[in-house]
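The residues making up each chain are set out below.
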Amino acid sequence: MPSFHPPRNSLTRLHQVRRPTSLQIRPFTSSTSDLSPSSFPNMSSRTTEQGKLKVSLRGPAILNNPRFNKGSAFSREERDRLGLRGRLPFAVDALDEQVERAYMQYKSRETNILRNSFLASMKSQNWTLYYALLSKYLIEMFPIVYTPTEADAISDYSHLFRRSEGLYLSPPEFDKMEEDFLDACEGRDLDLIVVSDGEAILGIGDQGSGGIGISSAKAVIYTLAAGVDPAKALAVTLDVGTNNEDLLKDDLYIGRQIHIGYREKRLRGDKYDEFVDKFVGLVKKHQPKCLLHFEDFGVTNAQRLLARYRDQHSVFNDDIQGTGAVTLAALQAAIAVTKTKLIDQRVIIYGSGSAGLGIARQLRDAIVLESSDEKKADSKKASSQFWLMDRHGLIKKSLEKNKVRDEVEDDFIRTEEEWGSGDEENGLLEVVKKVKPTVLIGTSTHTAAFTEEVVKEMSKHVDRPIIFPLSNPTKKCEAEQWTNGKALMATGSPFDPVDVPGKKKKYVVAECNNALIYPGLGLGAILSRSSQMTDSMIIAGSKRLAELAPAILKNDPDESLLPDFGDAPKVNFEVALSVIKAAQADKVAREEDIPKDEDGMRKWAEEKSWKAEYREYEYDPEGLR
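Since the structure is predicted, the reported quantities are computational estimates derived from the model, not experimental observations.

Quick word on the overall build of the chain
Consideration 1: When its secondary structure is counted, the chain shows 24 helices and 14 strands.
Consideration 2: The buried share of the chain, taken over its 625 residues, is 58%.
Consideration 3: Accessible area for the chain stands at about 26500 Å²; split by element, carbon and sulfur atoms hold 48% of it.

Here you go:
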């Protein structure tokens, strides 16, 4: 997602991410108006009565399998049964003891990239310990296993490469793609496939074969925040080349001596489409009930591929739909504070790449679906509430053709009747003066683009301006704060609470973090076995997330417009329940065992959640591998 330029006085960069608050949640059918705190089980502490797990691995084979390895936690009986006597220290540790030992080792690493490498090594050895450690220290470690540190690891992927971590598919092996896909999926009914072609990675651009890192990282977040079983998830990179000259000139770029990378310019056009189409066809054929998550595809392909496949399979693009969904949730919370409606908003989106266009489409679709009979909006009418801007200023019909990208839908392009027939570019201040927006969203990575003059001009025309500078990283954020505490804000990076003139209490700035919603959207699709990820499912998840905003739960406009990231597992579970109900209403849910009553559905969904807990093993030659 595009972030927030650190202001001189009123906003301070959050150097240590906020600690989680204790989120209390009512059942998911509650309306915004009657939500109030009540108890909710701690998902990380749930246990279930389970019998012994039959495995067909013994000795070094089980110690080298991260799915089943327990390290020093194997019991005496298991060591006898599985041929492990003498292969481990005599002491038997509990998982909690292993976690604390691992944490001490983690803290001994002096840099974040070394900590990232340590965690990657742990993941390749013991999944249960890895996820138990991350769950306990979620706030501290999330920036290490995801942005910003994972971006550094991906950019140096070829130099750090030790072992493969997913499925690599390249054009030279096009004819063997089905064989390779089946080999990667052998014996598994997958719930989740995360795929990237590595062209637009975490704000650092084209990373070629290193794209596997973002697919793997996203799958990790699905497990951490939504309890998706890591054994039922697969990370994939479509290694279709790179246009990154630094990589192509790097003698160590994976692909020269080791045939994983594809040392060529990016595949484009019909050959690219044929390659992607074959991959998606294999998913549909061999894993028809899994969720297919597209991640970090370039702007020329992201929306096009989503539109192409979303009616054929359960497909989701986080850069487009996840960014749009979490922004919609923050906006829904904001308009609940202002006591207005979506259909009444005038929205300027500054930055019209994948994220900006995704937000525009998501907000527009929500306007259409939630408009009342009194104020009914079709897609064209809803689109007229948006003014999109990019490096050429306002996107309008009178601009030269090469200044308006094909990805921008006609309904979003402003008319000559409004803005004249000339090719001159209209800047942000001019557009703000004419439009008098109620909402200003930044996805441009243009540092401090929301100047004092722009923000004060917006504040002249609306009592509580809604300003979302979402660009990441922090140094590329669009805004500072010149509204004397009137603005309702959400940012792409975490910030300290803001001093408000005349008030002792600080304003809590919401962090518009996709991880608050995309794992829950995905979990809802997975549990319902939905044939599609519909707009209604995404909007239902956004609405539920908005209901959980502290500003709404506490009826306090100075609280955050989104829950704290520390509550991500609980929040995503609630999102998933709402998505399941929407999938049923849309008649795309294929799971027949979903309980009809809400308490039953909640318990059923909890029991489906993977937990970082050790099972007792029994050897069986026909058991799991």
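Here we look at unusual backbone geometry
Consideration 1: Residue Pro148 is reached from Thr147 by a cis peptide bond, and omega for that bond is 10 degrees.
Consideration 2: Looking at where Pro148 falls in the secondary structure, it is placed in the loop between α6 (138–145) and α7 (149–155).
Consideration 3: Residues other than glycine seldom take positive phi values, yet Lys339 does so here, at roughly 60 degrees.
Consideration 4: Counting through the fold element by element, Lys339 comes out in the loop between α14 (318–338) and β7 (347–350).

Regarding the environment of Phe275
Consideration 1: Counting through the fold element by element, Phe275 comes out in helix α12 (residues 269–286).
Consideration 2: C-alpha separation for the pair Phe275 and Phe174, spaced 101 residues apart in sequence, amounts to 7.3 Å.
Consideration 3: Leaving out residues up to four positions away in the same chain, Phe275 has contacts with Leu169, Ser170, Pro171, Phe174, Met177, Leu238, Val240 and Leu267.

So, the UniProt feature "binding site: (S)-malate" (unreviewed entry) in the chain
Consideration 1: Feature annotation in UniProt places "binding site: (S)-malate" (unreviewed entry) on Asn472 and Asn513, given in this structure's numbering. Taking the farthest pair of C-alpha atoms as the criterion, the annotated set spanning 42 residues converges on one region, since that pair is 10.6 Å apart.
Consideration 2: Along the polypeptide, Asn472 turns up in the loop between β11 (466–469) and β12 (488–491).
Consideration 3: With respect to the secondary-structure elements, Asn513 resides in the loop between β13 (510–511) and α20 (518–528).

Observations concerning the sheet that holds strand β3 (residues 192–196)
Consideration 1: An order of β2-β4-β3-β5-β6 is seen for the five strands of this open sheet, with the pairing classed as parallel. A single partner strand is all that each edge strand has here, and the edge strands are β2 (167–169) and β6 (315–317). Strand-to-strand twist of the sheet, defined as the mean angle between neighbouring strand axes without regard to direction, takes the value 25 degrees.
Consideration 2: Bridge count between strand β5 (residues 291–294) and β6: three bridges; the pairing is parallel. By the bridge assignment, Leu292 is partnered in β6 with Val315.
Consideration 3: Across the face of the sheet, helix α9 (residues 177–184) comes into contact with β2, β3 and β4 (233–238) while running at roughly 175 degrees to β2.

Digging into the pattern of salt bridges
Consideration 1: With the rule as written, the count across this model stands at 35 salt bridges.
Consideration 2: Residue Glu457 is joined to Lys460 by a salt bridge in which the shortest nitrogen-to-oxygen separation is 3.2 Å.
Consideration 3: Of the residues examined, Glu457 reaches a relative accessible area of 11% and is grouped as buried.
Consideration 4: With a shortest N-O distance of 2.4 Å, Lys506 and Asp499 are connected by a salt bridge.
Consideration 5: Note on Lys506: relative accessible area 37%, which makes it partly exposed.

Description of the packing of aromatic side chains
Consideration 1: A complete count under the given rule lists 15 aromatic pairs for this structure.
Consideration 2: Geometrically, the ring pair formed by Phe386 and Phe412 is edge-to-face, given 5.9 Å between the ring centres and 85 degrees between the ring planes. One end of the pair, Phe386, is in strand β8 (residues 386–390); the other, Phe412, is in the loop between β9 (393–394) and α17 (416–419), and 26 residues separate them in sequence. Taken individually, Phe386 and Phe412 each receive the classification buried, so the pair is uniform in this respect.
Consideration 3: Feature note: the residues Phe68, Phe74 and Tyr617 constitute an aromatic cluster, connected by ring pairs.
Consideration 4: Above the face of the Tyr617 ring, Lys70 is positioned so that its terminal group lies 4.6 Å from the ring centre.
Consideration 5: The ring of Phe174 is capped by Lys278, whose NZ or CZ atom sits 4.3 Å from the centre of that ring.

Thoughts on the nonpolar core
Consideration 1: Formed by 143 residues in total, the largest nonpolar core has its most connected members in Leu119 and Leu561.
Consideration 2: Residues within four places of Leu561 in sequence aside, it is in contact with Ala330, Ala333, Ala334, Val337, Phe468, Leu488, Met489, Tyr507, Ala510, Ala549 and Ala551.
Consideration 3: Listed in part, the 30 residues of the second largest apolar core include Leu190, Tyr272, Phe279 and Phe297.

As for the packing of α12 against helix α13 (residues 302–309)
Consideration 1: Where α12 meets α13, the closest approach of the two axes is 12 Å, and the angle between their N-to-C directions is 45 degrees. One finds that α12 runs oblique with respect to α13. For the crossing formed where α12 meets α13, the hand is right-handed. Of the residues in α13, those in contact with Tyr272, Asp273, Val276, Asp277 and Val280 of α12 are Arg304, Leu305, Arg308 and Tyr309.
Consideration 2: Of the residues belonging to the contact of α12 with α13, the class tally is five nonpolar, no polar and four charged.

Considering the sheet that holds β11
Consideration 1: The strand order β9-β8-β7-β10-β11-β12-β13 describes an open sheet built from seven strands, whose pairing is mixed. Each of the sheet's edge strands pairs with one partner strand only, and the pair in question is β9 and β13.
Consideration 2: With respect to the sheet, helix α18 (residues 428–435) is in contact with β7, β8, β9 and β10 (439–442), its orientation differing from that of β7 by roughly 170 degrees.

Description of a nonpolar patch on the surface
Consideration 1: On the surface, a cluster of nonpolar side chains totalling about 220 Å² of accessible area is made up of Ile113, Leu114 and Leu160.
Consideration 2: Along the chain, the position of Leu114 falls in helix α4 (residues 112–123).

So, how was this worked out
Residues numbered from 1 in each chain as written. Predicted model: local features only at pLDDT ≥ 70, side-chain atom pairs only at ≥ 80, totals over all residues. Heavy atoms only, no water. Helix = DSSP H or I, 4+ residues; strand = E, 2+ residues; numbered from the N terminus. Buried < 20%, exposed > 50% of the residue type's maximum accessible area, 1.4 Å probe, protein only. Areas by Shrake-Rupley, 256 points an atom, 1.4 Å probe, with all protein chains shown as cover. Contact = heavy atoms within 4.5 Å. UniProt positions renumbered as here; feature names shortened; annotations may be inferred. Pairing = 2+ DSSP bridges. Axes fitted to C-alpha atoms, helices over the stretch in contact; angles between N-to-C directions. Salt bridge = Lys/Arg side-chain N within 4 Å of Asp/Glu carboxyl O. Phe/Tyr/Trp six-rings, centres within 6.5 Å; stacked < 30°, edge-to-face > 60°. Lys NZ or Arg CZ within 6 Å of the ring centre and 35° of its normal. Core = buried A, V, L, I, M, F, W, Y, C linked by side-chain atoms within 4.5 Å. Parallel < 35°, antiparallel > 145°, perpendicular 65-115°, else oblique. Left-handed = near helix turned anticlockwise from the far one by under 90°. Nonpolar A, V, L, I, M, F, W, Y, C, P; charged D, E, K, R; others polar. Patch = residues over 30% accessible without salt bridge, like charges linked within 9 Å, V, L, I, M, F, W, Y side chains within 5 Å.

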